[in-house]
Amino acid sequence: MYLTPQHVLLAGASGLTGEHLLDRLLNEPTITRVLAPSRRPLAEHPHLENPVGETAELLPRLSGQVDIAFCCLGTTIKKAGSEQAFRAVDLDLVVAFAKRARELGARHLIVISALGADPSSSIFYNRVKGEMEAALKAQDWPQLTLCRPSLLLGERTEPRLAEQLAGPLSRLIPGKYHGIEACQLARAMWRLALEEQEGVRVVESDELRKLGK
């Protein structure tokens, strides 16, 4: 069964994948409203509502019914400045966004997690992503889709050295460890938005690449 969303809530629209996803959403003829809070203004569009400010501060002020929510929030420990600051974005803010999306009526949440997400992992990054997934599952969403991409490929406004160095190698690695273009991930997320099913679905990177072709 397929569901066509009309009212969308999007977090992280100014990021690498979020920019591609926002462009796709605004060009979908079935979508009449995209609510996209962001830290900096986005391009104007008649179907776009763009509250500007810190996402955590904007969440309580968001209003209006939404059908589906996309979460593209994420940072790095280097950019955040500390492990604690990283957790505040990739765990706390994601969970708070999801809670607000549910309050606004969203029945389906699609979230960018990460390859290797595991709450018991010895790797801090993977452990936080796993804790985030567990917290979202505990919210008891009617439909929850967890996307676990490998290394994201694409041109960022603020280049990440590690991604620049690892990018060429990741294109050679087979299976789910193969790097994925941000535009592919955005296309995959939209295709997943059209699938209606109950419960939790985890989509690994190799499947995301296929869906995003």
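Procedures and definitions
- Residues numbered from 1 in each chain as written.
- Predicted model: local features only at pLDDT ≥ 70, side-chain atom pairs only at ≥ 80, totals over all residues.
- Heavy atoms only, no water.
- Salt bridge = Lys/Arg side-chain N within 4 Å of Asp/Glu carboxyl O.
- Buried < 20%, exposed > 50% of the residue type's maximum accessible area, 1.4 Å probe, protein only.
- Core = buried A, V, L, I, M, F, W, Y, C linked by side-chain atoms within 4.5 Å.
- Helix = DSSP H or I, 4+ residues; strand = E, 2+ residues; numbered from the N terminus.
- Contact = heavy atoms within 4.5 Å.

- Per an unreviewed UniProt entry, the protein carries the name Oxidoreductase and comes from Pseudomonas rhizophila.

1. Brief notes about the pattern of salt bridges
- Summed over all chains, the structure comprises twelve salt bridges.
- Across the salt bridge formed by R24 and E28, the nearest N and O atoms sit 3.7 Å from each other.
- Since its relative accessible area comes to 29%, R24 is described here as partly exposed.
- When the shortest N-O distance is used, the salt bridge between E195 and R201 registers 2.4 Å.
- Its relative accessible area of 21% is what places E195 among the partly exposed residues.
- Ionic contacts of the salt-bridge type, sharing partners, join the residues K99, R100 and E103 into one network.

2. Digging into the nonpolar core
- Ranked by size, the top nonpolar core spans 32 residues in total, and within it L10, L25, V34, F70 and M189 carry the most contacts.
- Secondary-structure elements contributing two or more residues to this core are β1 (7-11), α1 (16-26), β4 (68-71), β5 (108-112), α7 (182-193) and α8 (205-211).
- At eight residues, α7 tops the list of elements feeding residues into this core.
- The contacts of L10, once residues within four sequence positions are left out, are G18, L21, L22, L25, L35, A36, P37, F70, C72 and F97.
- If you look at the next biggest cluster of nonpolar residues, it comprises 28 residues, including A69, L93, A101 and A106.

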